Amino acid sequence: MPRQERPLESEDTPLLRFAGDLRRLRRRAGQPSYRELGKRTNYSAAALSEALSGRRLPSLAVTTAVVRACQGDADAWTERWRQLAAAQPGASTDTPAPYVGLTPYQVSDADRFFGREAVTDTLMTLVDERPFVGVFGASGAGKSSLLRAGLIARTSRTAILITPGADPITELAVAVADLADEPADRVHRDLAGSPEALRGWLAKASDDDLLLVVDQFEEAFTLCDEAARLWLIRALTIAAGPHARVVVSVRADFYGHCARYPELVTTLHRAQVLVGPMSTEELRAAITEPAARAGATIETALVARLVSDVAGQPAAMPLVSHTLAETWRRRRGMVLTLAGYQDVGGIEHALVRTAERTFEQLTEDDRDTARLLFLRLVVPGDGTADTKRRVRRADLRVPDALLDRLAAARLITIDRDSVDLTHEALLRAWPRLAGWIAQDRDDLRAQNRLTEATAIWEAHDRDPDTLYRGARLEQAALLRDRLNPRECEFLDAGLAAERARVRADQRATRRLRRLAAGLTALAVLLAGTAVAAAAAQQRAARQRNEALSVRASDTARDLIASRPRDAAALALAAYRLAPTVEARDVLLLAHAAAGATTLGNGYSNPPGRFAVTYEARTRGEQLWRRNGPTWQPAGILPTAGTHLHLYSIDERRAIYRTENTRSFLWDLADLDRPRRISAPSDLGLMDGLDRTGSVLSAVGADKVARVWRVGDPSVRRLPATAVVGTAVLPDGSGIILSRRDGNQDAIEHWTLDGRRIATLTRVPHPAIVRTGANGLIVVTSYPGTVTMTVLDASDPDAPRVVARADGLDTAATTAFDPAGRTVAVVDGAEVRIWDAVTGKRLLSLHTQGLRLYSPRLNGTELALLDDMSAMWTLNSDLTAVIRQTCVRPAAVDWDRYFPGAARKQVCPRP
């Protein structure tokens, strides 16, 4: 379906009349399509569509190209363009500034976008070759400009451009509905129902090939909740294909976040473009060419000074563009001078002067309002740099006049229904704003969490169970002055619910006291009923204590991230009052959080014999060795483009893979000099290792299993076909195969010399297998929902089911104790540990909304990573956790959290 041109709303401004006349000129020329017009003008269809949209004045070059292609009078249109340019707001002469300032270059700015020709060519080629491409670079490197004025302006594909925001489903629904000329609510319903629907809608939207560009993809990690993030990743990776290319731009410090999602790891393999600093020649072109196209020149001394000031800086381009735009206003005739550059403060001070001058000109009340506005447009980093965020205009209590003033100074950008910081360079270059953020960082994090909680409350029809309680509610109440009306409603509803709970608790306490008094009086007359009454009183007290324990556990859960020791103390007090499952779970989690550790940019895997962190400069992994209680850096493992598949149990060898295409074996015996081991070319995709990494299993492209003893010149092929997965027994005595058999996978035990011993079990296809010590095997099947079955196959003829976990999510992983004593299964909702001999469940712990992954098990202790790549050590021994919590217990306000309940001894007296 060809895209329909959106009609102009009116022609009541000179700019809209100009666009309307251009459209009429095109109709008189036979209404050529934008693609055909692009062939005549050498501009992309997207750039031409933007030029005739009426949203902004197109460049003179684009205007005259369109006029000539439609047989118009180029001289007359040139004169008209100059008159209109002179009348534009802020125009000081008949020529507007050729630099865009802090805002990114748009599609219509392609004729003044210079310096990125080489990386644009690279990106265009990669998009032609790969269905999904990632563009990575520092904030300010020019990723947004590259996508708009580079990629979209030059592509022949029909382009869709979005940023995820907090609700990527709505963002995509609006963009796709606009292209397909369909109601947005219909598209939204389909997309919300299934991420697979995006692929279908893109096919319906246009008969032409499509280019879906997702700028600022890091918002998926800073603004989206987990459900929206997973939906977006799945939808984009499924949609990418021959008909629709997908390009995402990601800030470089969020590269590690992408690596946590297997779909992104797979699709981004060999499909990445890194946007670094411009070379000297590229920087010179970016400075001089826009001015030359506008008929201006730049003093040689100014060019040399600019190149010297910013050479090698990856995030300097917004500041360069802003400084040149300010210098343009101080030019002499049509010459930009070094004196004008120095007058605006140079690269270092131009942006600060603009921001400070604008702020100082505000009234006192407007300054306070502007401060709250700027802070609302920021997401404070937690292990990453601070980022900007878009906010709905309706959610701001800011006068339109103040918004317009800040927008005129190019400090904020106002869209149809949202407001945004013009560029993240403001966060670094404006000391006043940086100081506000540093001063209010904790409150900003709390406010952002409250904003997300308000959205969840509204999405669930204002469900009371989603309201704040306890400590979170008290903290939110302190932020009332900076909340918008929606957030105030959420806060008020929480306070009202809290007051109702307190009144209900007080009424229950009074009823219990009256009941006790009545029972005492009645006991004088009816001694026989006293026993029953006492039992009823005990039941009521027990139920009250359990309710108070659960409520205090909820409050403790909310304290885990910011005050884990306080959370552990409160959860222990709740457990002492009533040993509820909720109190136990929060106590174990808070204890683990209090001891969480990290290195550098965070662990890539929980440490054992060594620790691993991501190394951004080489896109590899930094190895660390133990040095007593601390860690020392060792060698670099150059794993760019691959991810860990499996360690040997002794952690001296490891398999890294690029999902289902290539695999590599690494020798980690010498941590200072990790060595890649050459494998035979016919080995296939490496899959399993024995305890020492000496025996390796693999699957070839022909679906035949292979076995290789490291160092042997040849590979043994087993007489087993339709193999989809393999695992080597830790002692190297055999191999476990997963073989496709109709709609099922047969899990079979084979010897290394190719003799089948037994079929251990059959499970729905597809399935993967992992092996542990003492004959332990975990079989994971994915027939829609994930099921993990733990088998004791020490006797292959009589395998025994040790444990089974159903209904897991797709991120579920398993871990074996090296000695074979225990086995663990971890998914997004629950942690489970079983005794491998008896099958007794040692732990079943709900993660309370925390995302924990990459388990490493040692007996009853389980090491896990959180979202910030910090390591938590979860001890399933509750007695030991209580003992350690009581070493330095935090104080608990008993009367506040447990009103009416008899005080319990939380920790034994020393």
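Residues numbered from 1 in each chain as written. Predicted model: local features only at pLDDT ≥ 70, side-chain atom pairs only at ≥ 80, totals over all residues. Heavy atoms only, no water.

Re the overall build of the chain
Scanning the chain from N- to C-terminus turns up 31 helices and 39 strands. The C-alpha radius of gyration of the chain comes to 32 Å, within 12% of the 29 Å expected for a compact globule of 910 residues. Dimensions of the chain, computed from the C-alpha atoms along their principal axes, are close to 105 × 85 × 55 Å. Buried residues in the chain amount to 52% of all 910 residues. Residue pairs in contact within the chain that sit at least 24 positions apart in sequence constitute 58% of those at least 6 positions apart. Summed over its atoms, the accessible surface of the chain is roughly 40,300 Å², and 50% of this surface lies on carbon and sulfur atoms. Separation between the mean location of the 120 positive side-chain charges and that of the 112 negative ones in the chain comes to 3 Å. (Helix = DSSP H or I, 4+ residues; strand = E, 2+ residues; numbered from the N terminus. Rg over C-alpha atoms; globule rule 2.2 N^0.38 Å. Buried < 20%, exposed > 50% of the residue type's maximum accessible area, 1.4 Å probe, protein only. Contact = heavy atoms within 4.5 Å. Areas by Shrake-Rupley, 256 points an atom, 1.4 Å probe, with all protein chains shown as cover. Lys, Arg positive; Asp, Glu negative; His and termini not counted. Charge placed at Lys NZ, Arg CZ, Asp CG, Glu CD.)

Here's the deal with the pattern of salt bridges
Scanning the model with the defined rule gives 46 salt bridges in all. One salt bridge in this structure joins Asp-21 and Arg-24, with 2.6 Å as the shortest N-O distance. Here Asp-21 pairs with Arg-24, and both are found in helix 1 (residues 14–28), just 3 residues apart, close to one helical turn. Take Arg-24: its relative accessible area is 28%, and that puts it in the partly exposed class. Arg-717 is the partner of Asp-702 in a salt bridge, and the nearest nitrogen-oxygen pair spans 3.0 Å. Residue Asp-702 is located in the loop between strand 22 (695–699) and strand 23 (705–709), and its partner Arg-717 is located in strand 24 (residues 716–717); the two are separated by 15 residues in the primary sequence. Residue Asp-702 is classed as partly exposed on the basis of its relative accessible area, which comes to 39%. Linked through salt bridges whose partners overlap, the residues forming this network are Glu-356, Glu-360, Glu-364, Arg-367 and Arg-432. (Salt bridge = Lys/Arg side-chain N within 4 Å of Asp/Glu carboxyl O.)

Considerations on the packing of helix 8 (residues 168–180) against helix 12 (residues 226–239)
Where helix 8 contacts helix 12, the axes come no closer than 9 Å and their chain directions differ by 40°. Classified by the interaxial angle, the pair formed by helix 8 and helix 12 is oblique. Packed against helix 8, whose contacting residues are Pro-168, Ile-169 and Leu-172, the element helix 12 presents Ala-228, Trp-231 and Leu-232 at the interface. (Axes fitted to C-alpha atoms, helices over the stretch in contact; angles between N-to-C directions. Parallel < 35°, antiparallel > 145°, perpendicular 65-115°, else oblique.)

Remarks on the state of the cysteines
For the structure shown, the criterion picks out 1 disulfide. Note on cysteine connectivity: Cys-886 is disulfide-linked to Cys-907, with sulfurs 2.0 Å apart. Judged by the torsion about the S-S bond (-80°), the Cys-886/Cys-907 disulfide is left-handed. Of this pair, Cys-886 sits in the loop between helix 30 (878–885) and helix 31 (894–897) while Cys-907 sits in the segment after helix 31, and the two are 21 residues apart along the sequence. For Cys-886, a relative accessible area of 17% corresponds to the buried category. For the unlinked cysteine Cys-258, the closest cysteine sulfur is that of Cys-224, found at 13 Å. Looking at Cys-258, the relative accessible area reads 5%, which means it is buried. (Disulfide = S-S within 2.5 Å.)

Description of the sheet that holds strand 34 (residues 822–826)
A sheet is described by the order of its strands in space; here 4 strands give the open sequence 33-34-35-36, paired in antiparallel fashion. Each edge of the open sheet is held by one strand with a lone partner, namely strand 33 (813–816) and strand 36 (841–846). Strand-to-strand twist of the sheet, defined as the mean angle between neighbouring strand axes without regard to direction, takes the value 10°. Pairing between strand 34 and strand 35 (residues 830–835): 5 bridges, direction antiparallel. Note that in strand 35 the partner of Thr-822 across the bridge is Asp-835. (Pairing = 2+ DSSP bridges.)

Re unusual backbone geometry
Here the phi dihedral of Gln-31 falls at roughly 50°; this positive angle occurs in a residue that is not glycine. Following the sequence through the fold, Gln-31 ends up in the loop between helix 1 and helix 2 (34–41). A residue is classified by how much of its surface remains accessible, and Gln-31, at 38% relative accessible area, is partly exposed. With a phi angle near 55°, Arg-270 is a residue other than glycine that sits in the positive phi range. Along the polypeptide, Arg-270 turns up in the loop between helix 14 (262–267) and strand 5 (272–275).

Observations regarding the side chain of Arg-148
Checked against the element boundaries, Arg-148 lands in helix 7 (residues 143–154). The exposure class of Arg-148 is buried, given its relative accessible area of 10%. What Arg-148 contacts, discounting residues up to four positions off in sequence, is Tyr-105, Gln-106, Val-107, Ala-153, Leu-161 and Asp-215.

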